[in-house]
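# Summary of the model geometry
What follows is each chain in one-letter form.
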Amino acid sequence: MSRPSNFPPPFSPADHVAEPTDPADERIEVGVLIVGAGPAGLACAIRLGQLLEEHPDVAERLGDVPVAVLEKGKQPGSHLLSGAVVDPRALRRLFGDRLRIEELPSFGPVPAESVYVLTRWAALPIPPPPPMRNHGNWIFSLSQLGRFLTERAEEGGSMILPETAAQKLLVSHGRVVGVRTGDKGRSREGGELGNFEAGCDLVAKVTVLAEGTQGHLTGVALDRFGLRGEDPQVWELGVKEVWKVAKPLDRVIHTMGWPLRPGKRYREFGGSFIYPMGEDMVTIGLVVGLDYRDASLSVHDLLQELKTHPKIRRILAGGERAQWGAKTIPSGGFHALPQRLHAPGLLLCGDGAGMVNIPRLKGVHYAIESGRLAAEAAFRALQRGETPASALSSYDDAVRDSFIWSDLYEVRNMRQVFGHGFFVGGALASAMTMSKGRVELGKLPAEPDADQPLLVTDRDAGYPAPDGKLTFDKLSSVFASGNKTRDDQPNHIRIERRVPREVAQLWAHMCPAQVYEIGAEEGDGTVLVELAPANCVQCGAITAKGGRLTPPEGGSGPEYTVT
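Throughout what follows, the structure given in this document is the object of discussion. (Residues numbered from 1 in each chain as written. Predicted model: local features only at pLDDT ≥ 70, side-chain atom pairs only at ≥ 80, totals over all residues. Heavy atoms only, no water.)

### Details of the packing of helix α8 (residues 364-381) against helix α9 (residues 388-400)
Note the threshold: Comment: axis = line fitted to C-alpha atoms, over the contacting stretch for helices; angle = value between 0 and 180 degrees taken between N-to-C directions. Secondary structure elements follow DSSP: runs of H or I of four or more residues count as helices, runs of E of two or more count as strands, with numbering from the N terminus. Oblique is the label for any angle not covered by the other classes, which are roughly parallel (under 35 degrees), roughly antiparallel (over 145) and roughly perpendicular (65 to 115). Two helices crossing with the near one rotated counterclockwise from the far one by less than a right angle form a left-handed crossing, whereas a clockwise rotation gives a right-handed crossing. Any two residues whose heavy atoms approach within 4.5 Å at even a single point are treated as in contact. Under this grouping Gly is polar, as are all residues other than the nonpolar Ala, Val, Leu, Ile, Met, Phe, Trp, Tyr, Cys and Pro and the charged Asp, Glu, Lys and Arg.
Close contact between α8 and α9 brings their axes to 8 Å; oriented N to C, the two are set at 160°. Classified by the angle between their axes, α8 and α9 sit roughly antiparallel to one another. Once α8 is placed against α9, the crossing between them reads as right-handed. Contacts between α8 and α9 involve Ser-370, Leu-373, Ala-374, Ala-377, Ala-378, Arg-380 and Ala-381 from the former and Pro-388, Ala-391, Leu-392, Ser-394, Tyr-395, Ala-398 and Val-399 from the latter. Residues of the contact of α8 with α9, tallied by class, amount to 11 nonpolar, two polar and one charged.

As structure tokens, this is what we get:
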């Protein structure tokens, strides 16, 4: 059987580590540089603003730009997508008495909840398992929350730099000193167009990588500084739609079972979420582990199939799809966390470091809390008389003393047990949940998603045909994401182009944006994979399954507004 990992992409992390190259007087100098305007990066910027307000002498020493935040999307929020039923405790810690949770742009607290096990035609209600209980949590659009947090960060003195992709990690004498941003205005072949704008060196006293899932420079840093965890990171792919609906939904709904197959042979793990967003909108999404084996499985098409279930169809009846998006989720859990969350001059936080509780399908509050703690460690490193190395290492201690560490430890083997199939995995997961992790199974083995051997079935024959009303094809979904990628920019996707047919089939079905197509047969039994990189919504699934996503030109990708 073929494995995607047998065909590694033409990519070397070392190519994305460099010394600063701009002359010293042309470099942009900032105090703290944050890469990524997601919940982790913005929480870090907000907390730094609070600390600098309390210590104006430090702010003065840091110059005109004490804090800068890079965002590769068109604007903050453009690439943010999540469920998002959020545990509010990290937001409350971040803002304290400065802002009440009711003042944030939300759809209010969770009103009620239901969990169903689906078969093709039935929906069997079950009591919500402990991880799926959402009493006290709040419903947000993460893209809207991101824009709100951006305003708070700017009020605190942070400079936000949108449409700016961080391409290289700048390292001098073994210490991270900033990043180099990507060029803009290059042709498909790499030549300079009329609007060409060269990247630049951004140097900082502390660099915080808060890139989110499948962070480009986070992966580079994990390799450069030997930080990778005990287990390999594994991933899930979530595909989500936002609908305007005729009837309001009065509860949060989770489903498991159909359309996924329960057999161990397929390794299909996941479930759906359906949340109300006010009176007239509903968000529906399907999340599936990327360690599945069937090369014909498509999460995008499984979501379309899910919507044909009688119960789901009734929720969406008379409605209209407003937006679509896709994103990977790190799911390796506790044992896949980096060995250290810091390196000289560098801190890692949020989804990029794998801080997600997969049984609860939650990571936003961990991202916010880790960003807050990273800010405090970075600020400590800026103090006169402090040793930067010990100040940054205090971030690891703070995370280990936080609810992030204790929460993830309780569910440390939760993802791995589902490699035994839905029913056995469910029983083991229940035992671990009820005991809050005290049921000791030992450390269960983990394998990278790309190491799974592939099988090919006719699963794709059952996907519903798109009707443009309830079910949709991939290209219309890319349009619904507001994708801004320029057609003639350089290709940002690295894959081995000649692979066995089943590997090409895997990539073509896996990608929710129709980036990969099976091309001509080669004489040695392989096929050529054709690419449409302008379709890419930067979900990151290809990095999990044998390729490598790198940042495209700044400002590219989706333009999410309500996801």
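Now that the structure is up, let's keep going.
### Quick word on the environment of Val-239
On the secondary structure map, Val-239 appears in strand β14 (residues 235-244). Here the alpha-carbon distance between Val-239 and Lys-327, two residues 88 residues apart in the chain, equals 6.7 Å.

### Let's talk about the pairing of strand β9 (residues 166-172)
Inclusion rule: Categorising residues by exposure relies on relative accessible area from a 1.4 Å probe, with only protein chains included: less than 20% of the type maximum marks a residue as buried, more than 50% marks it as exposed, and the intermediate range marks it as partly exposed. Between any two strands, pairing holds if DSSP finds at least two bridges.
In terms of residue burial, β9 counts as a mostly covered element, since six of its seven residues are buried. Bridge count between strand β1 (residues 17-18) and β9: two bridges; the pairing is parallel. Residue pairing across strands places Val-17 opposite Leu-169, the latter belonging to β9.

### Details of helix α5 (residues 216-224)
Within α5, seven of the nine residues are buried, which leaves the element mostly enclosed by the surrounding structure. Taken together, the buried residues of α5 touch β1, β9, β10 (175-181), β13 (201-209), β20 (346-348) and β25 (548-549). Phi turns positive, to about 60°, at Gly-226, one or two residues after α5.

### A few points about the sheet that holds strand β22 (residues 498-500)
On the basis of which strands lie adjacent, the open sheet formed by three strands has the order β22-β24-β23 and antiparallel pairing. If you trace the sheet from one side to the other, it starts and ends with β22 and β23 (516-521), each paired once. With direction set aside, neighbouring strand axes in the sheet form an average angle of 50°. As defined by bridge partners, β22 adjoins strand β24 (residues 526-531) across three bridges and the pair is classed as antiparallel. Looking at the pairing, Pro-500 lines up with Thr-526 of β24. Sitting on the sheet, helix α13 (residues 501-510) touches β22, β23 and β24, and the angle it makes with β22 is about 100°.

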